[in-house]
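Architecture and fold: a report
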Amino acid sequence: MAFNAMWKPGRQAVAGMQGNGSANPALVIYLDPDSLAILPPSDPAAWPEFIRLLRQIRDSADELAVFLDKHKAVRDDDAGPE
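**With respect to the overall build of the chain**
- In terms of helices and strands, the chain carries one helix and three strands.
- Tracing the chain from N to C terminus, the helices and strands come up as β-β-β-α.
- Sorting the 82 residues of the chain into buried and exposed places 6% on the buried side.
- Put simply, 6% of the contacts in the chain that link residues at least 6 apart link residues at least 24 apart.
- On the chain, roughly 7400 Å² of surface is accessible, and the fraction owed to carbon and sulfur atoms is 58%.

Quick look at the structure:
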């Protein structure tokens, strides 16, 4: 897997669905200061593959969160009392 760009979120970073109920929904990630919008294909026939991608993003984000939570606890234990 190759990456063309890497962004590091700032303190005000948030993510959510934009355009809920509209004709132009999107997954938007405000990275503080950059933003990333992931738009569905205009052809509904392509939506099943797009839905698959969204679920992969969801599952991968959850895996990363679990990993970071686990390693945060280890780091907290390693820090010990000051």
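**So, unusual backbone geometry**
- At the junction of Asp-32 and Pro-33, the peptide bond is cis and its omega measures out at 20° in the coordinates.
- Along the polypeptide, Pro-33 turns up in the loop between β2 (26-30) and β3 (35-38).
- Phi at Asp-32 takes a positive value of approximately 55°, unusual for a residue other than glycine.

**A look at the confidence of the model for the chain**
- Of all residues in the chain, 89% attain a pLDDT of 70 or more, and the chain-wide mean is 88.
- Least confident of the elements in the chain is helix α1 (residues 47-79), whose mean pLDDT is 90; most confident is β2, at 95.

**Notes on the sheet that holds β3**
- Spatial strand order, β1-β2-β3: three strands in an open sheet with antiparallel pairing. Only two strands of the sheet have a single partner each, and these edge strands are β1 (14-18) and β3. Ignoring strand direction, the axes of neighbouring strands in this sheet form an average angle of 15°.
- Across five bridges, β1 lies against β2 in antiparallel orientation.

**Comments concerning the environment of Ala-23**
- Relative to the helices and strands, Ala-23 is located in the loop between β1 and β2.
- Each C-alpha atom of the pair Ala-23 and Ser-42 lies 9.9 Å from the other, and the pair is 19 residues apart in sequence.

Reading the values: rules and limits
For every chain, the first residue of the written sequence is number 1, and numbering continues from 1 along that sequence. It should be noted that, the model being predicted, local features are given only for residues of pLDDT at least 70 and side-chain atom pairs only at 80 or more, the latter also being counted only at that level, while totals for whole chains, interfaces and linings use all residues. Working from all heavy atoms in the structure, the side-chain values ignore hydrogens and water. Strands are runs of DSSP state E lasting at least 2 residues, helices are runs of H or I lasting at least 4, and numbering of each runs from the N terminus. Categorising residues by exposure relies on relative accessible area from a 1.4 Å probe, with only protein chains included: less than 20% of the type maximum marks a residue as buried, more than 50% marks it as exposed, and the intermediate range marks it as partly exposed. Here, two residues are considered to be in contact whenever any of their heavy atoms come within 4.5 Å of each other. Residue exposure ignores everything except the shown protein chains as possible cover, and the areas themselves are Shrake-Rupley values with a 1.4 Å probe. Per residue, pLDDT measures the predictor's confidence, with a range of 0 to 100. Each pair of strands is called paired provided DSSP finds at least two bridges between the two strands. Only the stretch in contact is used when fitting a helix axis, every axis being a line fitted to C-alpha atoms; angles between N-to-C directions are given from 0 to 180 degrees.

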